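As a plain string of letters, each chain reads:
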Amino acid sequence: MNKLHKLHGALPRPTALTVALALGLGLTGLAHGQSTTGTIFGTAPVAAGETVVVQGAGGATREVAVDASGRYSVTVPVGRYTVTLRKDGQVLATQENVGVSPGAGTQVPFAAATADNAQNLGTVQVVASALPAIDVTSVNSSTIITAADLQKLPVTRSAEAIALLAPGTVKGSSYFANAVAFGGSSVSENAYYVNGYNTGEPYRNIGGFQLPYGAIDQQETLTGGYDAKYGRSDGGVINQIGKRGTNEWHFGGQVVWEPKYLQASPRNRYYASGALPPPTGALEYQWADPDLVGALHQYRSDNKQWETVYSAYLGGPLIKDKLFMFLAAETTKTGYTTVGTDTTERVSYNRDKNTKFYGKLDWNITDNNVLELTALKNNQTTGTGSTYYFDYATLSPGAFAAPNDITKDNADFYIGHFTSYITDNATLSIVYGKADFKNPNIYGNRSELPFISNPQYQDPTKVPAGTPATGISNSQTNSSWLSSDATNGTHGLRVDFDYRLGDHDLAVGIDNMHYEATNQGQSQINPFNPAIDYFWSYRSNGTVRQYKIGWQTSMSMDQKAWYIQDTWQVSPNVLLKVGLRNDHFTNYNDRGDAFVDMKNQWEPRIGVSWDVNGDSSFKVYGNVGRYYLALPDNAAERAANISTYTWQTYDYTSVDANGIPQGLTPVGGLVSPDGEFGLPKDPEQVTARNLKPEYLDEFIVGFDKQLNDNWNYGAKAMWRDLKTAIDDECSPYRIAGKMGIAPGGEYTYDNYLAIVNSGYYNSLLGPAYCRLINPGQTNTMLIRADEGSGLPDQLVSMTQEDWGFTQGVKRKTGSLNLYLEHPFDGKWQARVDYTYSRGFGNTEGQVRSDFGQGDVSKTEDWDAWQLMDGQNGELFNVRKHQLRIRGAYSFTPEWLVSGTALIQSGVAESCLGYYGPTADQDPTAYGPDYHWCGGRKSPPGETHTPWTKQINVGMQYMPAFADHKLAFKLDVFNLLNEQRATQTYPTRDTDPGFIDNQFHTPVTFEPPRYVRLSVSYDY
C-alpha cells in the first residue's frame, strides 16, 4: 500500500526517546523461548537411597531421586542454588553457588556413575572445581547477560542495547527508533517477554516493554532454535528475568547522570552536492532546488541532551522460607534540544519523564506449590516543553512559536502464576496476565492552519520578493493527529504440563493471547479546526497537491496455540528434542468481523545435542524448525477498516503569508492510488480466501568446545528461508484481466470504462482496492457483483504470473559465527565474536526500512509488479561483517575496567526513482518509488553506508571501606566520537528530470560521544 511519505517539517526527536520504553512483569514458565526456569542435572554414584537436594536463596527446596543409571535432573526457577547429594539422609557432597539461566541446563556432576563408586560413597568430597561451562542440554542459540555483567559492562540502559551484544543482531532502521533485527528479519518479527509473559508492543509489535534496568536478573537473547512451546516470532526473542526476594533482606539505589556538557556536538546535515547525473535519453537532469545544493539542511550542533536516572530496590522475606517480596522503582528524566530542518525553522526544548514500578510476591505455599503475583506500572511522558522559531541565517532561536505536543504512554500489568510440582516427575504451570495501555496525545500546537510540506519547492515567481530559498510556511507542525483517547489491552492464558517418563521429558500445553486496540492510527482532521482535513505539498514541477490522509480506527485479534514435545535422552551422550506446535491466528476489524482466520499452522521443531566426550567439554548440536508469524492489530489499519489517502493536484498563481497556495486551478481529478476514499470495507474481500501466515524454515548446526580450563570456542552456521509472507496487492486491473474484463490487465481509460460497466466495479475499484495476499502463491480472491447487477459473485484464482510478478517471495539469509570466550573467573572475562552474513531477496518482511514504512504487512512491496521490478537485492537488516568484543578486568578488588566494541560493515542503500528506461514513467501513481534510477534497474545493495566502529569503555571503583557495596562508575560511549552515516535518503527523483536535494544524504548518524556517571549502593 502506498506509503505516507516522510514529510519535510516534522520536528524529529532523538530516536532513543521515541521507542516504547521499559516495563516488566514477573512470573515463571518452563523451557526455552520465554522461559524463566532452567535445569540442574548431573551424575552420581549408583546406589540405593540416593537423592539430590536443590535449595534456593528463597528457601524453596526440591529433592529428586538419582535414577538407576546414576543420573538426575530437576527444573527450578532462574537463580543461584546449593546442590547437595545425600544417601539415606546423610550429606555426601555439596556444590554451592550454582547458577541457573533461562532455558538452559547447568551440569553438577558429583562422580562418575559407576558400580565401583557405589561402594565408596563415604569418600565423595565437596565439589570444589568449576562447573562445566558448556550446556549440553540446550539446542537453541542464545546469549545470556546477567545482572553482574550489566554492572561491569558499558551498555546503554535498554533491552535492545543488551540484545545487540548477541551475534546475528543489528540495530534496525532509524525510522523505527531502538528496534533490533535478528537474522535478517524485519523489526516487527520479534517477541519480547518479561518473566514469561508477552510484553511486545501491542499494536505493531515493533519493540516491547522492559523491566526497570536495576531489576533485571538476566536477559536472554535468542537468535534462533527455540522449541515448540513458544512461537509467534520468526526474528528473535528478548527474554528478561526479574529479580525476586530471598531469605535475606537486600536494598540499594543508584543515581545515573549523563551531563550535556560532556557530550560531543552532533554532525550537521547538508543537502547533496556534486555533479548531476548524465541525461537519460532526451531527459536532462537538474536539481529540484539549485539554491540548496550543498547548503545546510539541519543544524544539529546544539542537538544535545542530558539524562538523570534515580532508582531504588528492596527485597526480602515477609515470612522466612514462605513469603518474599521484591520492589523496584526507577525514574528517568531527560532534557534535550532539537533544532529542526531549514524548511521548518523551529527549535524545540523538550523534557521527558519515565517512571517505572515493579513489584513481586513469591509465596511458597508448600515445597511443591508456588504462587507468584506481579504488578507493574509504567508512566511515560514525552515531549513536554516549548517550540521557538529558529533563524538559519544566524543559527539562533527566535520568538516563541507554540507549546510542544506531548505523548503519554501509561501501562499497567497484573499477572498471576501458579506452579505445582505434583510429583518428582510431574509439573503443572498456569499463568494468567492482563495489561492495559493508554497512549493519549496532548497537542500544544493548536494552530488552525493547514500544514505546509516542501515549501522549498514553491515556485519562486509566485512568492513575494525576498522570500528565502526555503519558502513560506506557518506555525502548523502537524499534518495528522493522534487520538487523546487511544488505548490497547491484552490478556493471556498459558498452561504447561511436564512429565518425566524414564529417558523422556514429555510436555503439552496451550498458549493463548487476546489483543484489543481502540482509536489507533492517524486522523486527517485538525481537532482545533475540523474544517481543515488536509495539508498542502508543493512539487518541484510548479504544482501543488492537497492531501487528505487518515485512518484512525479500532480492531482486535486472537492468537491461540497448543503444542506437544518430547525431550529424549537417547543415550548418555545424545539428547533429542522433538516438538510440534499448532497456531491459530484471527484478526477482527472495527465492527468485530474476522477478516483473517488462519487455522492449523503446523510447526515442527527438531533439535539434537551430542555431548561428544561425555563431560560437557565438547558439544555438537543442530536444530531444524518452522516458525509462523501472526499479523498484529495494526494489520486492520488501512487493510480492513475505513481509510482515506487522496490528493488533488492544482496550478496556483501565488502563495499567501501562511504558505497557502492561492488562485487554484485543478489539474486532473481526485486521485487515490489505492482506492482509499473513506468507505467501509468488506472483510471477505480484503484478503485472499486461502490466506496463509508468514513463516520461515530455519537450519542451525554448530559446536562448542573447551580449549582449556579457562577458554571456550565454537562456531555456528545458520540458514533462514522465508517461505511465505503477507502483504497487500493494489492491482485490481490484473484481477479484471483474469476475469476477461480488462484486456492486458493494466490501467487504460478503455479498461477503466470496461470495469465501470462490468457489474463488478464496486468490488474491483471500491474500498477493497488493495487486498492482503501471499505473494508468489496462488491466491483466491472474492469479487462481489454490484448490487442490482444480477451477476454472480466470483472466486478468481490469481497465480504469480497473473499478478505480473516474475518471482515470488524471496528472503534468504545465511551466517557463520565464530567465537572465543573466557568466562569470568573472579578476575576477568572476555568474549570475541566474528559473524559473516549474507542476505538477499525481494522482501524485507512486514515493514520496509529504506523509507521507514511501518504499515505492517501493507507496504508498497507487491502492490504492483512494476514496484517489484528491480527489488531483488541485498537485505537491509544484514551486515556482511560484524566483529563484537566485550570484556572486563578487575585489577584489584576495588578497581575494574571494562569495554565493548562493535565493528561492522555498512547498510545496503536503495536508489528509488521513476520507472522504465526513459526514467519518466509512473504506472502506479506512486511517484518515484521504483527500483529504477536513471533509466536502469537499481536493486538494493549497489552501494552501502560506510563501516562503523562503536567503542565503549568503563571504569568502576568499589572502595573497601564500604565493603565493596558502594560503587562509582564512569562510562564513555563512542570513545572515538565517530559519527558516520547509518542510513541515507533513498529517493533520487522528485519529478522526472529533477534530482532530490537529499538523495543519499545521511538521515541518521552514529550518536556522538557522551559520558555516563553513576553511583550505586547495594546492601
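If you look the chain up in an unreviewed UniProt entry, it shows as TonB-dependent receptor from Frateuria flava. Looking at the Subcellular location (unreviewed entry) heading of the UniProt record, one finds this comment for the chain: "Cell outer membrane".

A closer look at the overall build of the chain
Along its length, the chain carries 9 helices and 59 strands. Along the longest, intermediate and shortest principal axes, the C-alpha atoms of the chain span 100 × 70 × 50 Å. Buried residues in the chain amount to 60% of all 1019 residues. Restricting the contact set of the chain to residue pairs at least 6 apart, pairs at least 24 apart contribute 73%. If you sum the accessible surface of the chain, you get close to 37100 Å²; carbon and sulfur atoms cover 56% of it. Both charge centroids of the chain, one from 81 positive and one from 104 negative side chains, sit 3 Å from each other.

So, the pairing of strand E1 (residues 37–43)
Most of E1 sits inside the fold, with 7 of its 7 residues counted as buried. The alternating pattern of E1 places Thr 37, Thr 39, Phe 41 and Thr 43 and Gly 38, Ile 40 and Gly 42 on opposite faces, both of which are buried. In this sheet, strand E4 (residues 71–77) lies alongside E1 in antiparallel orientation, the contact comprising 7 bridges. Each residue of the ladder has a partner; that of Phe 41, found in E4, is Ser 73. Where E1 and strand E7 (residues 105–107) come together, 3 bridges link them in parallel fashion. Pairing of Phe 41 across the sheet is with Gln 107, part of E7.

Regarding the pairing of strand E3 (residues 61–65)
Residue alternation in E3 divides its side chains into a buried set, Arg 62 and Val 64, and an unburied set, Thr 61, Glu 63 and Ala 65. Between the end of strand E2 (residues 50–56) and the start of E3, which pair antiparallel, lie 4 residues, with Gly 59 showing a positive phi angle near 90°.

Description of unusual backbone geometry
Not every positive phi belongs to a glycine, and Asn 205 is a case in point at roughly 60°. One can find Asn 205 in the loop between strand E12 (197–198) and strand E13 (216–224). Since its relative accessible area comes to 18%, Asn 205 is described here as buried. With a phi angle near 50°, Glu 345 is a residue other than glycine that sits in the positive phi range. Summarising the element assignment, Glu 345 is placed in the loop between strand E20 (323–339) and strand E21 (346–366).

Concerning the sheet that holds strand E17 (residues 286–287)
As summarised here, the arrangement of the 3 strands in space is E17-E57-E56, forming an open sheet in which the pairing is mixed. Two strands in the sheet have a free side with no partner beyond their single neighbour: E17 and strand E56 (989–991). Judged from the 2 bridges that link them, E17 and strand E57 (residues 994–995) form a sheet pairing that is parallel. For Trp 287, the partnering residue across the bridge sits in E57 and is Ile 995.

Observations concerning the UniProt feature "domain: TonB-dependent receptor plug" (unreviewed entry) in the chain
Mapped onto this structure's residue numbering, the UniProt feature "domain: TonB-dependent receptor plug" (unreviewed entry) falls at residues 139–236. For residues 139–236, helix accounts for 11% and strand for 28%, while the C-alpha atoms at its two ends are 15 Å apart.

Regarding the side chain of Thr 221
Tracing the backbone through its elements, the reader meets Thr 221 in strand E13. Not counting the four nearest positions on each side in its chain, Thr 221 is found in contact with Ser 141, Ser 142, Thr 143, Ala 163, Ala 166, Phe 182 and Val 237.

Quick look at the UniProt feature "domain: TonB-dependent transporter Oar-like beta-barrel" (unreviewed entry) in the chain
Following the UniProt record, one finds the feature "domain: TonB-dependent transporter Oar-like beta-barrel" (unreviewed entry) at residues 347–594. Annotated as 0% helix and 65% strand, the span residues 347–594 places its first and last C-alpha atoms 45 Å apart.

What to know about the sheet that holds strand E31 (residues 544–550)
Taken together, 5 strands build an open sheet; the order of strands is E27-E30-E31-E36-E39 and the sheet is mixed. Lying at the two open borders of the sheet, with one neighbouring strand each, are strand E27 (452–453) and strand E39 (665–671). Summarising the sheet, strand E30 (residues 535–538) and E31 pair through 4 bridges and their orientation is antiparallel. Among the inter-strand pairings, Trp 536 is bridged to a residue of E31, identified as Gln 546.

Looking at the state of the cysteines
Summed over all chains, the structure comprises 2 disulfides. Between the sulfur atoms of Cys 730 and its disulfide partner Cys 770 the distance amounts to 1.9 Å. Between Cys 730 and Cys 770 the sulfur-sulfur dihedral comes to about 115°; the bridge is accordingly right-handed. You can see Cys 730 sitting in the loop between strand E42 (727–729) and helix H5 (732–738) and its partner Cys 770 sitting in the loop between helix H7 (761–765) and strand E43 (771–773), a full 40 residues away along the chain. With respect to class, Cys 730 is no different from Cys 770; both count as buried. Ordering the disulfide-forming cysteines of the chain by sequence position, one finds them joined as 1-2, 3-4.

As for the pattern of salt bridges
Summed over the entire model, instances satisfying the criterion amount to 52 salt bridges. Its salt-bridge partner being Glu 684, residue Arg 784 comes within 2.4 Å of it at the nearest N-O pair. Placement of the pair is Arg 784 in the loop between strand E44 (779–783) and strand E45 (794–798) and Glu 684 in the loop between E39 and strand E40 (694–706), with a sequence separation of 100 residues. The class for Arg 784 is partly exposed, based on a relative accessible area of 26%. Note on Glu 684: relative accessible area 38%, which makes it partly exposed. Within the structure, one salt-bridge network assembled from shared partners comprises Arg 232, Arg 494, Asp 496, Asp 511, Arg 581, Asp 583, Glu 603 and Arg 605.

Quick notes on the packing of aromatic side chains
In total, this model carries 35 aromatic pairs according to the counting rule given. With a centroid separation of 5.6 Å and an interplanar angle of 85°, the aromatic rings of Trp 562 and Trp 602 are classed as edge-to-face. Remark: Trp 602 occurs in strand E34 (residues 594–611) and Trp 562 occurs in strand E32 (residues 553–571); sequence separation between them is 40 residues. Judged by relative accessible area, Trp 562 falls into the partly exposed class, the value being 34%. An angle of 65° between the planes, with centres 5.6 Å apart, marks the rings of Trp 711 and Trp 828 as edge-to-face. In this pair, Trp 711 sits in the loop between E40 and strand E41 (712–724) while Trp 828 sits in strand E47 (residues 828–841), placing the two residues 117 residues apart along the sequence. A residue is classified by how much of its surface remains accessible, and Trp 711, at 23% relative accessible area, is partly exposed. Clustering of aromatic rings is evident, with ring pairs tying together Tyr 197, Phe 209, Phe 413 and Phe 437. Across the ring face of Tyr 313, the terminal group of Lys 243 is positioned such that the distance to the ring centre comes to 5.7 Å. Of note, Lys 462 hangs over the ring of Tyr 652, and the distance from its end group to the ring centre comes to 4.8 Å.

Structural notes on the environment of Leu 580
Within the secondary structure layout, Leu 580 lies in strand E33 (residues 574–588). A relative accessible area of 26% places Leu 580 in the partly exposed class. On a C-alpha basis, the gap between Leu 580 and Ala 435 in space is 29 Å, while along the polypeptide they are 145 residues apart. Ignoring anything within four residues of it in the chain, the contact list for Leu 580 reads Ala 228, Trp 562, Tyr 563, Ile 564, Trp 602, Glu 603 and Pro 604.

Side note on the nonpolar core
Soluble globular proteins tend to bury their nonpolar side chains together. Ranked by size, the top nonpolar core spans 62 residues in total, and within it Ile 735, Met 739 and Leu 764 carry the most contacts. Other than its neighbours up to four places away in sequence, Ile 735 contacts Glu 729, Leu 764, Arg 771, Met 781, Ile 783, Val 796, Met 798 and Trp 803. Ranked by size, the runner-up nonpolar core spans 28 residues in total, among them Leu 150, Leu 165, Tyr 313 and Ala 411.

Each value, and the rule that gives it
Residues numbered from 1 in each chain as written. Predicted model: local features only at pLDDT ≥ 70, side-chain atom pairs only at ≥ 80, totals over all residues. Heavy atoms only, no water. UniProt positions renumbered as here; feature names shortened; annotations may be inferred. Helix = DSSP H or I, 4+ residues; strand = E, 2+ residues; numbered from the N terminus. Buried < 20%, exposed > 50% of the residue type's maximum accessible area, 1.4 Å probe, protein only. Contact = heavy atoms within 4.5 Å. Areas by Shrake-Rupley, 256 points an atom, 1.4 Å probe, with all protein chains shown as cover. Lys, Arg positive; Asp, Glu negative; His and termini not counted. Charge placed at Lys NZ, Arg CZ, Asp CG, Glu CD. Pairing = 2+ DSSP bridges. Disulfide = S-S within 2.5 Å. Salt bridge = Lys/Arg side-chain N within 4 Å of Asp/Glu carboxyl O. Phe/Tyr/Trp six-rings, centres within 6.5 Å; stacked < 30°, edge-to-face > 60°. Lys NZ or Arg CZ within 6 Å of the ring centre and 35° of its normal. Core = buried A, V, L, I, M, F, W, Y, C linked by side-chain atoms within 4.5 Å.

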